[in-house]
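# Structure at a glance
Listed here are the chains, written in short residue letters.
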Amino acid sequence: MANDNDPRWLNPAFAEAYCVLRPDSLYVGFYGWPATDRFIEARPRQASASF
(Lines give C-alpha, C1' and ligand atoms only; values in the text may rest on other atoms or scores of the structure.)
Protein backbone atom coordinates (compact mmCIF):
# COMPACT_ATOMS: atom_id res chain seq x y z
CA MET A 1 0.00 0.00 0.00
CA ALA A 2 1.31 3.45 -0.85
CA ASN A 3 2.66 5.40 2.16
CA ASP A 4 2.31 2.36 4.41
CA ASN A 5 5.55 3.39 6.09
CA ASP A 6 4.22 6.91 6.80
CA PRO A 7 1.61 6.95 9.61
CA ARG A 8 0.62 10.62 9.11
CA TRP A 9 -2.47 9.52 7.15
CA LEU A 10 -3.97 7.72 10.15
CA ASN A 11 -5.29 10.64 12.19
CA PRO A 12 -7.01 12.39 9.25
CA ALA A 13 -8.45 9.10 7.99
CA PHE A 14 -9.84 8.14 11.40
CA ALA A 15 -11.30 11.62 11.87
CA GLU A 16 -13.12 11.34 8.54
CA ALA A 17 -14.37 7.83 9.32
CA TYR A 18 -15.69 9.05 12.68
CA CYS A 19 -17.54 11.93 10.99
CA VAL A 20 -19.55 9.61 8.77
CA LEU A 21 -20.41 7.00 11.40
CA ARG A 22 -23.95 6.98 12.69
CA PRO A 23 -24.56 7.00 16.46
CA ASP A 24 -24.10 3.58 18.03
CA SER A 25 -22.31 2.25 14.95
CA LEU A 26 -19.05 0.37 14.68
CA TYR A 27 -15.87 0.90 12.69
CA VAL A 28 -13.82 -2.19 11.93
CA GLY A 29 -10.27 -1.77 10.68
CA PHE A 30 -7.60 -4.30 9.83
CA TYR A 31 -3.93 -3.77 10.47
CA GLY A 32 -0.83 -5.79 11.27
CA TRP A 33 0.32 -6.37 14.84
CA PRO A 34 3.47 -4.28 14.36
CA ALA A 35 1.23 -1.23 13.73
CA THR A 36 -1.21 -1.75 16.61
CA ASP A 37 0.10 1.14 18.70
CA ARG A 38 -0.21 3.58 15.77
CA PHE A 39 -3.83 2.66 15.14
CA ILE A 40 -4.81 2.83 18.81
CA GLU A 41 -3.24 6.27 19.15
CA ALA A 42 -4.97 7.52 15.97
CA ARG A 43 -8.53 6.67 17.06
CA PRO A 44 -10.75 9.65 17.87
CA ARG A 45 -10.84 10.16 21.64
CA GLN A 46 -14.62 10.60 21.80
CA ALA A 47 -14.99 7.17 20.15
CA SER A 48 -12.86 5.43 22.75
CA ALA A 49 -14.95 5.75 25.90
CA SER A 50 -15.00 1.99 26.48
CA PHE A 51 -11.47 1.30 25.24
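What you see is a predicted model; the values in this text were computed from it and never measured.

### Section: a nonpolar patch on the surface
A surface patch of nonpolar side chains, about 270 Å² in accessible area, is lined by Tyr-18, Leu-21 and Tyr-27. Considering the arrangement of structural elements, one finds Tyr-27 in the loop between helix 1 (10-20) and helix 2 (36-42).

### Examining the packing of aromatic side chains
Given two aromatic rings, their pairing is described by the distance between the two centres and the angle made by the two planes. A complete count under the given rule lists three aromatic pairs for this structure. Ring-pair connections join several aromatic residues into one group, and the members of that group are Trp-9, Phe-14, Tyr-27 and Phe-39.

### A short note on helix 1
Buried within helix 1 we find Leu-10, Phe-14 and Ala-17. Taken around the axis of helix 1, the buried residues stretch over an arc of 60°, which confines them to a single face. The exposed set on the far side of helix 1, more than 90 degrees from its buried face, consists of Glu-16, Cys-19 and Val-20. The elements touched by buried residues of helix 1 are helix 2.

Cut-offs applied
- Residues numbered from 1 in each chain as written.
- Predicted model: local features only at pLDDT ≥ 70, side-chain atom pairs only at ≥ 80, totals over all residues.
- Heavy atoms only, no water.
- Patch = residues over 30% accessible without salt bridge, like charges linked within 9 Å, V, L, I, M, F, W, Y side chains within 5 Å.
- Areas by Shrake-Rupley, 256 points an atom, 1.4 Å probe, with all protein chains shown as cover.
- Salt bridge = Lys/Arg side-chain N within 4 Å of Asp/Glu carboxyl O.
- Helix = DSSP H or I, 4+ residues; strand = E, 2+ residues; numbered from the N terminus.
- Phe/Tyr/Trp six-rings, centres within 6.5 Å; stacked < 30°, edge-to-face > 60°.
- Buried < 20%, exposed > 50% of the residue type's maximum accessible area, 1.4 Å probe, protein only.
- Arc of directions from axis to C-beta.
- Contact = heavy atoms within 4.5 Å.

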